[in-house]
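Okay, here's what each chain looks like letter by letter:
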2 protein chains.
Amino acid sequence: MKLGSLKAGGRDGTLVVVSRDLRRAVPAAQAAATLQGALDRWAEASPILAGIADRLEAGLLPNALALEPAMLAAPLPRAYQFVDGSAYVVHVELVRRARGVELPPSFWRDPLMYQGGSDGFLGPTDPIPLASEDWGIDFEAEVAVITDDVPMGVGTAAAAAHIRLVLLLNDISLRNLIPAELAKGFGFVQSKATSSFAPVAVTPDELGPAWRDGKLHRPLLSFRNGEPFGRPDAGTDMVFDFPALIAHAARTRRLGAGTIIGSGTVANRDPAVGASCIAERRTRELLADGRATTPFLRFGERVRIEMLDDAGASLFGAIDQAVVRYEPPA
Amino acid sequence: MKLGSLKAGGRDGTLVVVSRDLRRAVPAAQAAATLQGALDRWAEASPILAGIADRLEAGLLPNALALEPAMLAAPLPRAYQFVDGSAYVVHVELVRRARGVELPPSFWRDPLMYQGGSDGFLGPTDPIPLASEDWGIDFEAEVAVITDDVPMGVGTAAAAAHIRLVLLLNDISLRNLIPAELAKGFGFVQSKATSSFAPVAVTPDELGPAWRDGKLHRPLLSFRNGEPFGRPDAGTDMVFDFPALIAHAARTRRLGAGTIIGSGTVANRDPAVGASCIAERRTRELLADGRATTPFLRFGERVRIEMLDDAGASLFGAIDQAVVRYEPPA
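Quick notes on the rules
Sequence order as written defines residue numbering, which begins from 1 separately in each chain. Each chain is given a letter, starting from A, and each ligand a number, starting from 1, according to the order in which they appear as written. Given that the model is predicted, a residue must reach a pLDDT of at least 70 before its local features are reported, and side-chain atom pairs must reach 80 or more before they are shown or counted; all residues, however, enter totals for whole chains, interfaces and linings. Think of the side-chain values as coming from all heavy atoms in the structure, minus any hydrogens and water. Residues grouped as a nonpolar core are buried Ala, Val, Leu, Ile, Met, Phe, Trp, Tyr and Cys residues, joined through side-chain atoms within 4.5 Å. Only protein chains enter the accessibility calculation, which uses a 1.4 Å probe; a residue whose area is less than 20% of its type maximum is buried, one above 50% is exposed, and one in between is partly exposed. Contacts are residue-level and defined by heavy atoms, with any inter-residue pair within 4.5 Å sufficient. Angles run from 0 to 180 degrees between N-to-C directions of axes, and those axes are lines fitted to C-alpha atoms, restricted for helices to the stretch in contact. Only DSSP runs of H or I with at least four residues qualify as helices, and only runs of E with at least two residues qualify as strands; both kinds are numbered from the N terminus onward. For classification, angles of less than 35 degrees are called roughly parallel, those exceeding 145 degrees roughly antiparallel, those between 65 and 115 degrees roughly perpendicular, and all remaining angles oblique. The crossing is said to be left-handed when, going from far helix to near helix, the turn is anticlockwise and less than a right angle, and right-handed when the turn is clockwise. Just so you know the grouping, Ala, Val, Leu, Ile, Met, Phe, Trp, Tyr, Cys and Pro go in nonpolar, Asp, Glu, Lys and Arg go in charged, and all remaining residues, Gly too, go in polar. Polar contacts, as counted here, are pairs of nitrogen or oxygen atoms within 3.5 Å of one another; within protein the pair requires one atom able to donate a hydrogen and one able to accept it, and residues that are adjacent in sequence qualify only if both atoms are side-chain atoms. Any two strands with at least two DSSP-identified bridges between them are counted as paired. Working rule for helices: expected span equals 1.5 Å times residues minus one. Salt bridge, as used here, is a side-chain nitrogen of Lys or Arg placed within 4 Å of a carboxyl oxygen of Asp or Glu. As a working definition, buried area equals the accessible area (1.4 Å probe) given up by two parts on being put together, with both sides summed. Least-squares superposition aligns the copies on the C-alpha atoms of those residues with pLDDT at or above 70 in both.

### Some words on the nonpolar core
Note on soluble globular proteins: their nonpolar side chains tend to be buried together. Counting 108 residues, the largest nonpolar core has Leu49(B), Ile260(B) and Phe316(B) as its most contacted members. Ile260(B) has contacts with Leu76(B), Ala79(B), Gln81(B), Phe82(B), Val83(B), Phe121(B), Ala144(B), Val145(B), Ile146(B), Leu167(B) and Phe197(B), leaving out every residue within four places of it along the chain. Judged by nonpolar contacts, the second largest core, of 107 residues, contains Leu112(A), Leu122(A), Leu177(A) and Leu220(A).

In structure tokens, the structure reads:
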């Protein structure tokens, strides 16, 4: 099934079950008022949600809403936790090589992961407000999962059963703020802006054979101002699958229901598929030509991120956003 | 006023107004079911809460509960955001000096801050479950504030008005996991365990003259197995006040209501006042004697963190916890 959150109803939105074709939605208050509420008691809520989804697909809910992407917030409009891995190590290796730094061999065994902000996310078509183009505005197209409650010290095999929903996200990054912040060693605070999410969260079973081995096996499509930018397959070159990322995050603490675990920027070794962020394209330019020519985003530019099934239908709906100038308070 | 969350009522507990002497509590459902709910609509909820607090102090609520610390969860049992600064730069300087590393001059101007986990906190008397003593189990006694909604790009002067509540916390740290994790540059994931909080969150006005200049001016008392460990004044040697920490966190994104901003380990330049964590005491031992002799915590050991007013009464109630052995799932 596919779940979303209407912007109506408060800070956490209103939980809706969305049709497979993303055209219709029905509130699901019988299950829970919000998606976080459903995740808090998933064992009871999910069968009710599945029943609604079945009736919706069968055409038995004629009062379903006609859904427009702008009606939707992020599936979790705010979350208690977002940790983001760097599972596509080829991306990390490329960026380091451009800086003349060798990749530590441990990076192939021990996931790189950071604690991200989760107190508010942008909806799929919300503008991206930022105060300065000088920050080096970039997108990062990623896959993510939402877990239920995960016990501390969970093993990788057991972690797979805690994956409840799959998402797409844009982990908006401010490239020119990153070097100084990472040099301090404490991770990202200012150099990651508010992230945005595709319209719906999808259960693994709904993804069929595209979801296997703890990975999502489909190309992740990125567009800049309507032009194709990247189409790496999210199931290729993912060195750490989602269960491994969950086990890493849960080594010394439990993870609360509704935890979002990101894959990091999806990247393939094959340069023909392009990149899921501008920084990686710039890195390839630098390595090939000695200089990076693709600029970071400017106000008014648009980013679109989407994943299609075999038949060309959108699985999660599209992230489709413009960067806009933000005036800070006086 | 003083606010807490009973463990009853679900994952977010039940909001209670607590008497000044911490002995009695009354549910405050007229204002909000949970503290997060009150923070989400603070302008409407806080006058109702203040009215309850007045009636409670006046002895007009004879049905108030007799409060025991074990009845309480953390004031926010889970939160949408926790960012933790290192505002007592003397602590950072000491730790670096012990490693033979000079403090970058920028650390006196630009706050060190990391994004912490917030998906679940320990209550004030909950045991601290950890799987291995080899991780180097340490406490960090800190002050924190909770904000309402903070606009992106807020200035330091305007940030002060967004402080709604003040807290004490134990930022439990796994010292032997920190060097490898910080070397990766992405901050803390495994090397910070679940944090715990003192029983009540207190409004700045309730703290009287102890709250001024965006800092809390009282000694923060730490005890290990009942023995005094440290008593640095939280208002002394705090290089970045809370408004400055809020402005730093909000530079490139808004902060959602209920954001917790930590001070970092409270530390004074004066060695006579002791330390708010074992690592700092070990650092002073290393610098003085060439070796650190105070061990990190072992299973069964207790940590107590508290702050008293002029008359010796507890302002926030005490964090009083034992470290216990945790068996990971098979």
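### Some remarks on the packing of helix H3 (residues 89–98) of chain A against helix H7 (residues 278–289) of chain A
All names here are of chain A. In the contact formed by H3 and H7, the axes pass within 9 Å of each other and the chain directions differ by 45°. Between H3 and H7, the angle falls in the class oblique. The way H3 lies across H7 gives a crossing that is left-handed. Contacts between H3 and H7 involve His-91, Leu-94, Val-95, Arg-97 and Ala-98 from the first element and Glu-280, Thr-283, Arg-284, Leu-286 and Leu-287 from the second. For the contact of H3 with H7, the class distribution of residues is five nonpolar, two polar and three charged.

### A closer look at helix H6 (residues 242–249) of chain B
Residue and element names in this part refer to chain B. Taken across its eight residues, H6 has eight buried, putting it largely inside the fold. Turning to H6, its buried residues are Phe-242, Pro-243, Ala-244, Leu-245, Ile-246, Ala-247, His-248 and Ala-249. Between the side-chain oxygen of the N-cap and the backbone nitrogen of Ala-244 there are 2.9 Å, and the N-cap of H6 in question is Asp-241.

### A word on unusual backbone geometry
Phi at Asp213(A) is positive, roughly 55°, even though this residue is not glycine. Structurally, Asp213(A) is set in the loop between strand E14 (211–212) and strand E15 (215–216). Positive phi values are uncommon outside glycine, yet Leu22(B) reaches one of about 70°. Assessed through its relative accessible area of 17%, Leu22(B) is described here as buried.

### Thoughts on the sheet that holds strand E17 (residues 227–230) of chain A
Residues and elements named next belong to chain A. Taken in spatial order, the five strands line up as E7-E20-E19-E16-E17 in an open sheet, and their pairing is mixed. Single-partner strands in this sheet number two, and they are strand E7 (128–130) and E17. For this sheet, the mean angle separating the axes of adjacent strands, direction not counted, is 25°. Inspection of the sheet shows strand E19 (residues 302–306) paired to strand E20 (residues 319–325) by four bridges, in the antiparallel sense. For Ile-305, the partnering residue across the bridge sits in E20 and is Ile-319.

### Examining H7(A)
Residues and elements named next belong to chain A. Along its 12 residues, H7 runs 16 Å from first to last C-alpha, staying within 8% of the 16 Å computed at 1.5 Å per residue. All of the buried residues along H7 are Ile-278, Ala-279, Glu-280, Thr-283 and Glu-285. As for H7, its buried residues are in contact with H3, strand E8 (137–138), strand E16 (221–224) and E17. Once H7 ends, the next one or two residues include Gly-290, with phi positive near 85°.

### Topic: the pattern of salt bridges
Here the structure, examined in full by the defined rule, presents 44 salt bridges over all chains. A salt bridge links Arg302(A) to Asp320(A), with the nearest nitrogen and oxygen atoms 3.2 Å apart. Highlighted residues: Arg302(A) in strand E19 and Asp320(A) in strand E20, separated in sequence by 18 residues. Judged by relative accessible area, Arg302(A) falls into the partly exposed class, the value being 37%. Here Asp320(A) falls in the partly exposed class, since its relative accessible area comes to 21%. Across the pair Lys192(B) and Asp171(B) runs a salt bridge, and its minimum N-O distance is 2.9 Å. One end of the pair, Lys192(B), is in the loop between helix H5 (178–183) and strand E12 (196–197); the other, Asp171(B), is in the loop between strand E10 (163–170) and strand E11 (173–174), with 21 residues separating them in the sequence.

### With respect to the interface of chain B and chain A
Counting from both sides, the interface comprises 55 residues of chain B and, opposite them, 55 residues of chain A. Taken together, both faces of the contact between chain B and chain A bury some 4900 Å²; the carbon and sulfur share is 51%. Looking at the side of chain B facing chain A, the largest losses of area belong to Tyr80(B), Lys184(B) and Phe186(B), adding up to 19% of the total buried there. Counting every contact that joins chain B to chain A gives eight salt bridges. For the pair chain B and chain A, the interface holds 28 residue pairs in polar contact (both at pLDDT 80 or more). Looking at the side of chain B that touches chain A, the elements that each hand over two or more residues are helix H1 (35–40), strand E6 (113–116), strand E7 (128–130) and H6 of chain B. Sorting elements by how many residues they give to the side of chain B that touches chain A places E6(B) first, with four residues. Residues of the side of chain B that touches chain A, tallied by class, amount to 26 nonpolar, 16 polar and 13 charged.

### Some thoughts on the sheet that holds strand E19 (residues 302–306) of chain B
All names here are of chain B. Spatially, the five strands line up as an open sheet ordered E7-E20-E19-E16-E17, and their pairing is mixed. Strands at the two margins of the open sheet, each flanked by one partner only, are E7 and strand E17 (227–230). Averaged over all neighbouring strand pairs, the angle between strand axes comes to 25°, with direction disregarded. The sheet contact formed by strand E16 (residues 221–224) and E19 spans four bridges and is antiparallel. Residue pairing in the sheet places Phe-223 in a bridge with Arg-304 of E19.

### A word on the relation of the copies chain B and chain A
Once turned by 180° and shifted 0.0 Å along the axis, chain B lies on chain A with an RMSD of 0.0 Å. When the rotation and shift are considered jointly, the pair of chain copies conforms to a two-fold rotation axis. Mapped onto chain A, 100% of the interface residues of chain B again fall at the interface, so both copies present the same surface.

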